[in-house]
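Understanding the architecture of this molecule
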Amino acid sequence: MAFPNNTMLRTLFLLVLVCAAHAGGKAKESSSAPAGGGGGSCDGGTCDITKMGATAGGKTDSTKAVQEAWTSACGGTGKQKIMIPKGDFLVGPLNFTGPCKGDVTIQLDGNLLASTDLSQYKGNWIEILRVDNLVITGKGTLDGQGPAVWSKNSCAKKYDCKILPNSLVLDFVNNGEVSGITLLNSKFFHMNVFQCKDMVIKDVTVTAPGDSPNTDGIHMGDSSGVTISNTVIGVGDDCISIGPGSTKVNITGVTCGPGHGISIGSLGRYKDEKDVTDINVKDCTFKKSTNGLRIKAYEDAKSVLTASKIHYENIKMEDAANPIIIDMKYCPNKICTASGGSKVTVKDVSFKNITGTSSTPEAVSLLCTDKIPCSGVTMDNIKVEYS
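In this report, the structure presented in the accompanying data block is examined.

Procedures and definitions
Residues numbered from 1 in each chain as written. Predicted model: local features only at pLDDT ≥ 70, side-chain atom pairs only at ≥ 80, totals over all residues. Heavy atoms only, no water. Helix = DSSP H or I, 4+ residues; strand = E, 2+ residues; numbered from the N terminus. Expected span 1.5 Å × (residues − 1). Contact = heavy atoms within 4.5 Å. Disulfide = S-S within 2.5 Å. Buried < 20%, exposed > 50% of the residue type's maximum accessible area, 1.4 Å probe, protein only. Pairing = 2+ DSSP bridges. Core = buried A, V, L, I, M, F, W, Y, C linked by side-chain atoms within 4.5 Å. Patch = residues over 30% accessible without salt bridge, like charges linked within 9 Å, V, L, I, M, F, W, Y side chains within 5 Å. Areas by Shrake-Rupley, 256 points an atom, 1.4 Å probe, with all protein chains shown as cover. Salt bridge = Lys/Arg side-chain N within 4 Å of Asp/Glu carboxyl O. Lys, Arg positive; Asp, Glu negative; His and termini not counted. Charge placed at Lys NZ, Arg CZ, Asp CG, Glu CD.

With that settled, the discussion passes to helix α2 (residues 63-75). Spanning 13 residues, α2 covers 18 Å between terminal C-alpha atoms, matching the ideal 18 Å at 1.5 Å per step. In the core, the buried residues of α2 are packed alongside β1 (46-48), β2 (79-84), β3 (88-91), β4 (94-97) and β5 (103-108).

Have a look at this one:
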C-alpha cells in the first residue's frame, strides 16, 4: 500500500504544523505549565487523564482531557508520564506536538476508542509531531473502530481517493519507542512512521480482518534506524511497508498473517522519492499471507531511485502465497500509463534460509524489467514446497 506518500505526508505535516502553531499560541496565552511537574491536575510529573476529566465507558468524549494531559506533560521538565488507566475512553483527533521540555511516556493501560464521526477529522487520529525520547507503552489498545467507516473507503476504485484517518502517526520523532500495546481496526494505516530516526517498535500486536481495506500494519518512509521486533501483525494490507527514503531498517521476530507480506514499496509512484537501502529482515514467520517477502515498484515510475543492500534470512512460510517476489511491473487497479518504463533499480538483494510451504505454485517470482534489470540477487538454501 502506498497512498500516504511522501508528498501527501509533507502536505499533511504542513497543515498540522500550522494548526499546531495556532493552537500552541492560544495555549501559551491561557496557561503555562510549571517547570518540573506539568500543569493541570498532574501529580509529581504524572498526568492521569481521569483526574483531568476523562470518563471511562467508551461513550463520553474524553478528547479534551487527553489533549490537556499532553499539554501539561510536554510542558514539564524531567520525566513526565501520561497515565491512561484501565477502561474504554472515547476520543476524537489528538495532536501531540513538541518539542517538549522533558521526556514524555504515554502509559497505555486502558483503551482509546477513536470517534467514528469522520467530520471531526482533518487528518489522522493520533498525530505526534517533533517529539524526542517519546515512549508509548503498556498493555492497552488503540482501537480505530474501522468497521464503522470502511465502507466509505473508495481507494480500490479511484486513483486519487479520499484517505481515511491513520491511527498512530509519528512525524519527526527521534529516539522513540512503542512497546507492548495493541493497535486494532484502524480506519486506514495502523501506524505510520515519517521522517523519524532511531525508533524501536517491539512486542506490539496489530490486528484487523484480512479483508479490511488499506489497513497496513506499520508503514514507514523517509526514516532511518527503525527497529521492529517480536511483533504480531494480521491485517488487510501490508503487514509492514517500507517506503521511499527508508534506511537502516531491522525487522526481527515478526509474525505476519493475514496480510500482504513485508513489502519494500511501492516505489516510484511520486516524483523526488529517495533511495531505500540497508534493510534487514530476519527470523520472521508468514502465516497464510497473500505475499511473503516483496519488493514492488510502479511500472510507470515517476522517480529515479534505487533499492539496495537488502537481506532476508531465516524466514518461515506457512501456506503463504508468493513467498518471494520482486515485482518491478507493479500496477494496481490497472492505473499505469506506460509499459516497461520503470526507473527503479533493484540490486544487492540476498535471500538465505527461506523455508516452509507456499499456497501458490511459484515460490519465487522475479518480475524485473528489460530496461533496468535486477542485479546482484542471490539465493541460498531456499526450500519452499507447494502445499
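Having put the structure on the table, let's press on.
Moving on, we come to the state of the cysteines. All told, the structure shown has five disulfides when counted by the stated rule. With a sulfur-sulfur separation of 2.1 Å, C74 is cross-linked through a disulfide to C100. Measuring handedness by torsion sign, the sulfur bridge of C74 and C100 sits at about -105° and is left-handed. With C74 in helix α2 and C100 in the loop between β4 and β5, this pair connects stretches of sequence that are 26 residues apart. The class of C74 is buried, set by a relative accessible area of 8%. Covalent S-S linkage joins C155 and C161, the inter-sulfur distance amounting to 2.0 Å. Between C155 and C161, the S-S torsion sits near 85°, and that sign places the bridge as right-handed.

So, about unusual backbone geometry. Cis geometry is adopted by the peptide bond preceding P258, which originates at G257 and carries an omega value of 0°. Along the chain, the position of P258 falls in the loop between β21 (255-256) and β22 (262-267). With an omega of 15°, the peptide bond between G265 and S266 qualifies as cis. Along the polypeptide, S266 turns up in strand β22. Positive phi, normally seen in glycine, also occurs at D198, with a value near 55°. When you line up the elements, D198 lands in strand β14 (residues 197-202). The backbone of K309 shows a phi angle near 55°, a positive value even though the residue is not glycine. Within the secondary structure layout, K309 lies in strand β25 (residues 305-320).

Judged from the five bridges that link them, β14 and strand β17 (residues 224-229) form a sheet pairing that is parallel. In the strand pairing of β17, I201 is matched with I228.

Residues W70, I128, L134, L170, I240, I251 and Y312 are the most contacted members of the largest nonpolar core, which totals 89 residues. Looking at which element gives the most residues to this core, the answer is β25, with seven residues. Excluding anything up to four places from it in sequence, I251 contacts I228, I240, I242, I262, N280, V281, K282 and C284. If you look at the next biggest cluster of nonpolar residues, it comprises six residues, including V149, C161, L164 and F189.

When you line up the elements, K122 lands in the loop between β6 (111-114) and β7 (126-129). The spatial distance from the C-alpha of K122 to the C-alpha of P93 is 8.3 Å, given a sequence separation of 29 residues.

Let's shift gears to a positive patch on the surface. On the surface, K271, K302, K343 and K371 cluster together into a positively charged patch. Residue placement: K343 occurs in the loop between β26 (324-330) and β27 (344-358). A relative accessible area of 35% means that K343 is categorised as partly exposed.

Under the definition given, this model contains six salt bridges. Among the salt bridges present, the one from E68 reaches K64, with a minimum N-O distance of 2.6 Å. Of the two residues, E68 and K64 both sit in helix α2, four residues apart, roughly one turn of that helix. Using a relative accessible area of 31% as the deciding quantity, one classes E68 as partly exposed. Exposure remark for K64: the relative accessible area of 60% places this residue in the exposed category. In this structure, a network of salt bridges that share partners links the residues D238, R294 and K296.

Bear in mind that shape data such as this cannot, by itself, settle questions of function.
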